[in-house]
Amino acid sequence: MARRMDVTGADGVRLAAWEFGDPAKAGPDPGETAVPDAPGVLLLHGLMGRASHWASTARRLSARHRAVALDQRGHGRSEKPPEGAFTRDAYVDDVEAALEQLGLGPAVLIGHAMGALTAWQLAAKRPDLVRGLVICDMRASALGGASQREWAEWFASWPVPFATLADVRKWFGEDDPWVERPNPSRGEFYAEVMAESPDGWRPVFDPDQMLRSRETWVYDAHWEELAQVRCPALVVRGLDGELGRAEAQEMVRVLPRGQYAEVADAGHLVHYDQPEAWLAAIEPFLDSLDGE
């Protein structure tokens, strides 16, 4: 069960936040809960993602935490202003606003990919709002212009509209040139970000907005902000993900209070590929924070 709460982000952009768990635990107002001392957790999806990608994680955590997932600007049910800002500052300011308006802080931020970068940038900016950080499969090094061009070409290769959701699952799980071997969980991940239109199934986001969002981080490295994170931080990588072991371990070294976890038989979509192993990696870390 998920309860929607509306948040006003930077520049007045309307954002949808979703609280997971037993609705009987929630109070009538966005910042009110029947368990006021329950530690807050805010989950941030990656580029093209949406809050519902965190549903199983959030429900598991809701037994002991107030678990909220945010549809970031341009994603999910949040506003997608055609001329809106899709800068790093805008994404970070949105999360800052969500924590304050929902009364979650100081919270643990759990971020995947782009969401992880947003999380550690906010942790560096507002240490008073962030008591812990989980960074899932996001690189701190610059990816470069070639990466941005590859993504533009990849978006152009999508055979949209898809006739059915089964076609979505098959293309992203098997036929996509970026898929090295059949990956049903990847197909499910992308099926979650499709919506039915009169001519078939299309993504709920604008690919051009995704490229605009991405170009604000791919050309720069982010080690300096990582070094400014003062709270405990866990770096999680899938064994076959985009974050290599050497870089992940260097991130742990740069983080003042960094820890490391690795999930076997998982790629970039760690929480989809191996949901139980993912939870086994993060729950001891969360337990250690709750004991502080």
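I will try to describe carefully the structure that is included in this document.

The rules we used
Residues numbered from 1 in each chain as written. Predicted model: local features only at pLDDT ≥ 70, side-chain atom pairs only at ≥ 80, totals over all residues. Heavy atoms only, no water. Buried < 20%, exposed > 50% of the residue type's maximum accessible area, 1.4 Å probe, protein only. Helix = DSSP H or I, 4+ residues; strand = E, 2+ residues; numbered from the N terminus. Contact = heavy atoms within 4.5 Å. Polar contact = N/O pair within 3.5 Å; in protein donor to acceptor, adjacent residues only side chain to side chain. Phe/Tyr/Trp six-rings, centres within 6.5 Å; stacked < 30°, edge-to-face > 60°. Pairing = 2+ DSSP bridges. 1 Å grid on protein atoms, 1.4 Å probe; cavity = no way out; pocket = protein on both sides within 12 Å on 5 of 7 lines; lining within 4 Å. Points joined across faces, edges and corners; volume = space filled by probe spheres on them. Nonpolar A, V, L, I, M, F, W, Y, C, P; charged D, E, K, R; others polar. Axes fitted to C-alpha atoms, helices over the stretch in contact; angles between N-to-C directions. Parallel < 35°, antiparallel > 145°, perpendicular 65-115°, else oblique. Salt bridge = Lys/Arg side-chain N within 4 Å of Asp/Glu carboxyl O.

When we look at burial in helix 5 (residues 165–175), the residues that qualify are V168, W171, F172 and G173. The elements touched by buried residues of helix 5 are helix 4 (145–157), helix 6 (184–191), strand 7 (194–197) and strand 8 (200–203). Where helix 5 begins, the capping side chain belongs to T164, and its oxygen is found 3.3 Å from the backbone nitrogen of A166.

This paragraph deals with the environment of I110. With respect to the helices and strands, the residue I110 is situated in strand 5 (residues 107–112). In sequence terms I110 and G132 are 22 residues apart; their C-alpha atoms lie 8.5 Å from each other. In this structure I110 touches V41, L42, L43, L44, W54, L61, V134, W278 and I282, once residues within four positions along its chain are discounted.

Let us now look at the packing of aromatic side chains. Using the criterion set out here, one finds 18 aromatic pairs in the structure. Aromatic pair W154 and W158: ring centres 5.1 Å apart, planes at 80°, arrangement edge-to-face. W154 gets classed as buried once you look at its relative accessible area, which sits at 3%. A ring pair is formed by F162 and F172, whose centres lie 5.7 Å apart and whose planes are at 45°; its orientation type is tilted.

Across four bridges, strand 7 lies against strand 8 in antiparallel orientation. Each residue of the ladder has a partner; that of A195, found in strand 8, is R202. Following strand 7, the chain reverses through two residues before pairing antiparallel with strand 8.

As a volume, the largest pocket reaches approximately 1100 Å³. If you trace the largest pocket, you find 37 residues lining it, with R186, D240, E242, G267 and H268 closest to the centre. Ranked by the residues each element gives to the lining of the largest pocket, the list is headed by helix 6, at five residues. The residue inventory of the lining of the largest pocket, partitioned by class, reads 17 nonpolar, nine polar and eleven charged.

The next subject is the packing of helix 2 (residues 88–102) against helix 3 (residues 114–125). Closest axis-to-axis distance for the helix 2/helix 3 pair is 9 Å, and the angle between their directions is 70°. One way to sum up the angle between helix 2 and helix 3 is to call them roughly perpendicular. Residues R88, Y91, V92, D93, V95, E96 and L99 of helix 2 form the contact with helix 3, whose own contacting residues are M114, L117, T118, Q121, L122 and K125. Classifying every residue of the contact of helix 2 with helix 3 by side-chain character gives seven nonpolar, two polar and four charged.

Taken as a whole and judged by the stated rule, the model has 24 salt bridges. Note that R64 is salt-bridged to D290, the shortest N-O span being 3.9 Å. Taken together, the positions of R64 in the loop between helix 1 (55–61) and strand 4 (66–71) and D290 in helix 11 (residues 275–290) put the pair 226 residues apart, joining distant regions of the chain. A cluster of three or more residues bridged by salt bridges with shared partners is formed by D93, E96, E100, K125, R126 and D128.

Let us look at the environment of A98. Topologically, A98 is positioned in helix 2. Separated by 91 residues in sequence, A98 and V7 have C-alpha atoms that sit 6.0 Å apart. Dropping the residues within four chain positions of it, A98 is found in contact with V7 and L70.

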